[in-house]
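A structural walkthrough
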Amino acid sequence: MARTITYSEALNEALHEEMQRDANVFVLGEDIAVLGGLFQVTKDLLDKYGPERVIDTPISEAAIAGAGVGAALAGTRPVIEFQFNDFMTIAMDQIVNHAAKLRYMTGGQAAVPLVMRAAICSGIGMGAQHSQSLEAWFAHVPGLIVIMPSTPYAAKGLLKAAIRNPNPVVFLESRLLYAIKGEVPEGEYLLDIPGSVMVREGGDVTVVATGRMVSVATSAAEEVGRDGTEVEVIDPQTLKPLDTATIIESVKKTGRLVIVNEGSRTCGYAAEIAAIVSEQALDFLDAPIERVTAGDVPMPVAKVLERAVLPGRDDVVGAIGRVLG
Amino acid sequence: MATPDTNLSTDQQLELYRSMLLIREFEQAVLASHEKRLVQGPAHTYIGMEASAVGICSALLDDDYLTSTHRGHGHCIARGLDVKRMLAEIFGRATGYCKGKGGSMHIADVSRGMLGADGIVGGGIPIATGAALGCRVRQSSQVVACFFGEGATNQGSFHEAINLAAIRKLPVVFVCENNHWALSAGFEVTTAVANVADRAAAYSIPGHIVDGNDVLAVHTTAVEAVQRARAGDGPSLIENKTYRWEPHSVFNTKDPRPPDEVAEWKARDPIARFRKVLEEQDALSADQDAAIQKAVAALIEEAVEFATNSPEPEPAEAMADIYA
Ligand SMILES: Cc1ncc(C[n+]2csc(CCOP(=O)(O)OP(=O)(O)O)c2C)c(N)n1
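Residues numbered from 1 in each chain as written. Chains lettered and ligands numbered in written order. Predicted model: local features only at pLDDT ≥ 70, side-chain atom pairs only at ≥ 80, totals over all residues. Heavy atoms only, no water.

Okay, the overall build of chain B next. The helix and strand inventory of chain B stands at eleven helices and seven strands. Taking the principal axes of its C-alpha atoms as reference, chain B extends roughly 55 × 50 × 40 Å. For chain B, buried positions account for 59% of its 324 residues. Carbon and sulfur atoms form 52% of the exposed surface of chain B, whose accessible area is close to 13,200 Å². Taking the 29 positively charged and 42 negatively charged side chains of chain B as two groups, their mean positions are separated by 4 Å. (Helix = DSSP H or I, 4+ residues; strand = E, 2+ residues; numbered from the N terminus. Buried < 20%, exposed > 50% of the residue type's maximum accessible area, 1.4 Å probe, protein only. Areas by Shrake-Rupley, 256 points an atom, 1.4 Å probe, with all protein chains shown as cover. Lys, Arg positive; Asp, Glu negative; His and termini not counted. Charge placed at Lys NZ, Arg CZ, Asp CG, Glu CD.)

Another point: the site of the ligand. Neighbouring the ligand are 22 residues, the closest being E61 of chain A together with H70, R71, G119 and G151 of chain B. At the ligand, the nearby residues belong to more than one chain, namely chains A and B. Here an oxygen atom of the ligand and a backbone polar atom of G151 of chain B are 2.8 Å apart. One of the backbone N or O atoms of A152 of chain B is found 3.3 Å from an oxygen atom in the ligand. Contact with the protein chains removes 96% of the 580 Å² of surface that the ligand exposes when unbound. (Near = heavy atom within 4 Å. Polar contact = N/O pair within 3.5 Å; in protein donor to acceptor, adjacent residues only side chain to side chain.)

The next thing to look at is the sheet that holds strand β3 (residues 172-178) of chain B. Residues and elements named next belong to chain B. Read from one edge of the open sheet, five strands run β1-β2-β3-β7-β6, paired in parallel fashion. The open sheet has two edge strands, β1 (65-67) and β6 (207-211), and neither has a second partner. Neighbour-to-neighbour, the strand axes of this sheet turn through a mean angle of 20°, independent of strand direction. Inspection of the sheet shows β1 paired to strand β2 (residues 144-149) by three bridges, in the parallel sense. (Pairing = 2+ DSSP bridges. Axes fitted to C-alpha atoms, helices over the stretch in contact; angles between N-to-C directions.)

With that settled, the discussion passes to the layout of surface pockets. All names here are of chain A. In this structure, the second largest pocket occupies an estimated 630 Å³ of space. Elements represented by at least two residues in the lining of the second largest pocket include exactly α6 (135-139), β12 (238-240), β13 (257-264) and α10 (269-281). Residues belonging to the lining of the second largest pocket are distributed by class as follows: 16 nonpolar, ten polar and five charged. (1 Å grid on protein atoms, 1.4 Å probe; cavity = no way out; pocket = protein on both sides within 12 Å on 5 of 7 lines; lining within 4 Å. Points joined across faces, edges and corners; volume = space filled by probe spheres on them. Nonpolar A, V, L, I, M, F, W, Y, C, P; charged D, E, K, R; others polar.)

Two side chains with opposite charge may pair up if their charged atoms get near one another. This structure, assessed with the given rule, holds 33 salt bridges over all chains. In this structure, the salt-bridge partner of D64 of chain B is R230 of chain B, at a minimum N-O distance of 2.8 Å. Here the residue D64 of chain B occupies a position in the loop between α2 (50-57) and β1, and R230 of chain B occupies one in helix α8 (residues 215-230), the gap between them amounting to 166 residues. Connected through salt bridges with shared partners, the residues R3, E13, E17, E18, R21, K156, K160, R164, E186 and E188 of chain A form a single ionic network. (Salt bridge = Lys/Arg side-chain N within 4 Å of Asp/Glu carboxyl O.)

Time to look at the packing of helix α5 (residues 124-137) of chain B against helix α6 (residues 156-167) of chain B. Residues and elements named next belong to chain B. Taken N-terminus to C-terminus, the directions of α5 and α6 make an angle of 15°; their axes are 8 Å apart at the nearest point. The orientation of α5 with respect to α6, classified from their angle, is roughly parallel. Considering the relative orientation of α5 and α6, their crossing is left-handed. For the pair formed by α5 and α6, the contact residues are I125, P126 and T129 on the first element and S157, F158, A161, L164 and A165 on the second. Looking at the contact of α5 with α6 residue by residue, the classes come out as six nonpolar, two polar and no charged. (Parallel < 35°, antiparallel > 145°, perpendicular 65-115°, else oblique. Left-handed = near helix turned anticlockwise from the far one by under 90°. Contact = heavy atoms within 4.5 Å.)

Residue and element names in this part refer to chain A. Its place among the elements puts N85 in the loop between β4 (77-84) and α4 (92-99). Judged by its relative accessible area of 0%, N85 is buried. Looking at N85, its side chain comes within polar contact range of the main-chain oxygen of Q132, at 2.8 Å. Here N85 is in contact with A118, A119, I120, Q132, S133, L134 and L172, once residues within four sequence places are set aside.

By themselves, these figures tell us nothing about what the structure is for.
Given below as structure tokens:
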């Protein structure tokens, strides 16, 4: 029987189960042990697994990332936390030049089974240095896996799968999703990497949405559904490598595509999906592809400004209207 | 304890006192406004640390620079920024210093050399080194004061920026405000040395450990470090030992600090201490004190009114100011 728990609790359960299962799994990051994490994802791990496996670090993102890479090379399965994904920029050398490339540069000798967790914290007035959605940066780097769970169910199943994956995984959570509740089975389950989810089926328009934007897209789909428009919503879950087949198949059916992504527009993740569909299903499109993204601007603090920059339900409704002509 | 030689006139000392009070009252207004949901985004208050900002900024000249942190309100006020526009910024209003785009963590007044609060821990330290480099290139005698918390000293940026400033003998005063806790992390468990100032030895620059709740001690040390910087003799590292009274921020109220420790530090209130020093010197009568407190309260009241009645930015403003 499925129970209802929050996204944050689902992630926490995944960590508890994986640390219980494998003594080589450990967690490292700022404010994760005593405090249980800014967003309570590592709650109670310290009590259960002790300070050797649940480690509060100094504020040292480059060292956290590098320590994760090194510990992974040395046979463990670290799960490191960066609080806000914006702080990963400080650790980019270790993430991009090391974690992502060591497997390849060593001719397949080394493996870096490292999970890098961080939150996208838009929508609460945190401002330009704490509200970015950097998934496209990571997806651009060969050698990284990029995951963005959109529900408690996905959060748990994907985090467990990420921990067991032999590669470096950037695991991007969402601040506004932590308190969202959803059904999560009692027993153990793993989700596929890659593996997308058909959130909603429909024959008129395909909407591909990532992370928190999945619920935004779904609510837009419900809204236009009242007028009889049938919207298909696809959540890729794993942004890289991407399950392209599901998207292509859907576009071939609907002939119309809207992509919803919280990152800024230029060179963003939506552009990648648009490119793939243009390459593989151009002949099936009945209208130009629409992208719904954040504006090309640093995130402002003031609510009215932040609302103007972030993609919302009305923006998606508008885009659906445009592709329908 | 002997009063340090500060070379400050009575009026200047009263100004330090007034400035500390203004910071305290401003932060109380921020907390009260957060309760009323007027604050947009996070806010990290400076209550308990007032002597640090005031002691340092009072050693600067008008065209000197400073860099700040996420906990920057005190630095701004000590630098003489307008509390009305500061509070308006914290409320996300069009009349704020950054038109509501920056909020509490990014208040800046570039015209006054206040290069900005900073939401990235350790982010401001290399910028201070760079500002000093700019002063050197322009052959000006300006100095840069660089504020950061002890938590920031475990970032690579701290090491890289101070080493660079040291080899070029750049005019920076690095000011570590050691309030003993970085969010939930105690100083002792995250830092391999007993004092941040001990690290000065690694860069062959002077390190000063200062009672950061003693505004005159902070000021005296700052004067020495600023003189050294201005003379071209290079940077110094000042460690002001102090404490924040409130939880980390209005968004992070889960507080792991022992209540006894918090109470102990509240008993070392930098404002009450300085009031006592002034009273003992007969520099502050009860009437004068009441007048200063009243004037400060009026400024805060005016700021709250100004910020509350200021307009929200126009949505179209969101896309302005991206490029110069
Ligand atoms: C690079 C980076 N990492 C983490 C954070 C989250 N964070 C904000 S303030 C803070 C603690 C900072 O401690 P300290 O530098 O001592 O300043 P204090 O808050 O004590 O004034 C942390 C971890 C951040 N803003 N930036």
